[in-house]
Amino acid sequence: MRRFQSLVLLLGILSMSLLSISCKKEKQNIKQTEVTFTKEGELSIFDTKSDTLKVNLDIEIADTDFDIQTGLMYRDHMGTKRGMLFVFEDEDQRFFYMKNTRIPLDIIYINANRAIVSFQKNATPFDETSLPSSLPAKYVLEINAGLADTWNLKVGDSISWN
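Residues numbered from 1 in each chain as written. Predicted model: local features only at pLDDT ≥ 70, side-chain atom pairs only at ≥ 80, totals over all residues. Heavy atoms only, no water.

Let's talk about the environment of Phe 95
- If you trace the backbone, Phe 95 turns up in strand E4 (residues 95-96).
- Since its relative accessible area comes to 53%, Phe 95 is described here as exposed.
- Residues Phe 95 and Leu 131, 36 residues apart in the sequence, show an inter-C-alpha distance of 5.4 Å.
- Aside from chain neighbours lying at most four places away, what touches Phe 95 is Ser 130, Leu 131 and Pro 132. (Helix = DSSP H or I, 4+ residues; strand = E, 2+ residues; numbered from the N terminus. Buried < 20%, exposed > 50% of the residue type's maximum accessible area, 1.4 Å probe, protein only. Contact = heavy atoms within 4.5 Å.)

Written as structure tokens, this is what we have:
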């Protein structure tokens, strides 16, 4: 009888173990898709005083509500001579932040006459602090952090794009 009880107990333990294993969910690896750069135009920045070209960039254009809200979020990198140009319907004070943005950026605010009016340099990834323009802006250009200084961009420099 003892043998029978031991066998029943052993079978009970085995069946519980098997049940436990089969009920566990397998670990799932969820990979987020990398958002890739899509060239939608070319942008040039000029020194207004000397009318000389400072730099040419390939740009993505954010001109829909979704594109403007998403911006450069969820990207792991951006090429040196690339940027995102935000195009708004009106000229107004702009406020940007770095929520879900993984790469440090320089944010360049540009008025309706396509002249740079202010900067927010070296914006910190994932920081939700408001980064306002100093003056009203119709356009905003985001580039990799440090490039505004590397290219010696100044308030008053102008941009054009196609």
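This is not the end of the story, as more comes after the structure.
A look at the packing of aromatic side chains
- As enumerated under the stated definition, the model contains 4 aromatic pairs in all.
- Note on Phe 88 and Phe 96: the rings are 6.4 Å apart at their centroids and 80° apart in plane angle, and the pair reads as edge-to-face.
- On the numbers, 6.1 Å between centres and 85° between planes, the contact of Phe 96 with Tyr 109 is edge-to-face. Of the two residues, Phe 96 is situated in strand E4 and Tyr 109 in strand E5 (residues 105-110); the sequence distance between them amounts to 13 residues.
- Here the aromatic cluster, defined as three or more aromatic residues joined through ring pairs, consists of Phe 86, Phe 88, Phe 96 and Tyr 109.
- Lying across the ring of Phe 88, Arg 94 places its NZ or CZ 3.9 Å from the centre.
- Sitting over the ring of Phe 119, Lys 121 keeps its end group 5.1 Å from the ring centre. (Phe/Tyr/Trp six-rings, centres within 6.5 Å; stacked < 30°, edge-to-face > 60°. Lys NZ or Arg CZ within 6 Å of the ring centre and 35° of its normal.)

Digging into the nonpolar core
- One finds Leu 43, Ile 45, Leu 57, Leu 141 and Ile 143 to be the most contacted residues of the largest nonpolar core, which totals 19 residues.
- Among the secondary structure elements, those contributing two or more residues to this core are strand E1 (41-47), strand E2 (52-62), E5, strand E6 (116-123), strand E8 (137-144), helix H3 (147-150) and strand E9 (158-161).
- Beyond its immediate stretch of four places on either side in the chain, Ile 143 contacts Leu 57, Met 78, Arg 82, Gly 83, Pro 104, Leu 105, Asp 106, Ile 108, Ala 148, Trp 151 and Leu 153.
- Counting 18 residues, the second-largest nonpolar core is a separate cluster that includes Met 84, Phe 86, Phe 96 and Val 140. (Core = buried A, V, L, I, M, F, W, Y, C linked by side-chain atoms within 4.5 Å.)

Quick notes on the pairing of E6
- Note that E5 and E6 share 5 bridges and pair antiparallel. Within the sheet, the bridge partner assigned to Leu 105 lies in E6 and is Ala 123.
- Where E5 folds back on E6, the antiparallel hairpin that results is connected by 5 residues, among which Arg 114 adopts a positive phi of roughly 65°. (Pairing = 2+ DSSP bridges.)

Topic: unusual backbone geometry
- Positive phi, normally seen in glycine, also occurs at Tyr 74, with a value near 65°.
- With respect to the helices and strands, Tyr 74 occurs in the loop between helix H2 (65-70) and strand E3 (82-92).
- A residue is classified by how much of its surface remains accessible, and Tyr 74, at 30% relative accessible area, is partly exposed.
- One non-glycine residue with positive phi stands out, namely Asn 122, at about 55°.
- Relative to the elements of secondary structure, Asn 122 occurs in strand E6.

Observations concerning the pairing of E9
- What you see with E9 is a clean split: Ile 159 and Trp 161 sit on the buried side and Ser 158 and Ser 160 on the side with no burial.
- With 4 bridges connecting them, E1 and E9 associate as antiparallel partners. Among the inter-strand pairings, Leu 43 is bridged to a residue of E9, identified as Trp 161.

As for the confidence of the model for the protein
- Residue-level pLDDT values for the protein average 87, and 80% of them are 70 or greater.
- Contacts for the low-pLDDT stretch residues 1-11, under 50 throughout, to residues beyond four places or in other chains number 0 contacts. (pLDDT = per-residue confidence, 0-100.)

Concerning the side chain of Arg 75
- Along the chain, Arg 75 falls in the loop between H2 and E3.
- At 2.5 Å, the side chain of Arg 75 and the side chain of Glu 60 are in polar contact. (Polar contact = N/O pair within 3.5 Å; in protein donor to acceptor, adjacent residues only side chain to side chain.)

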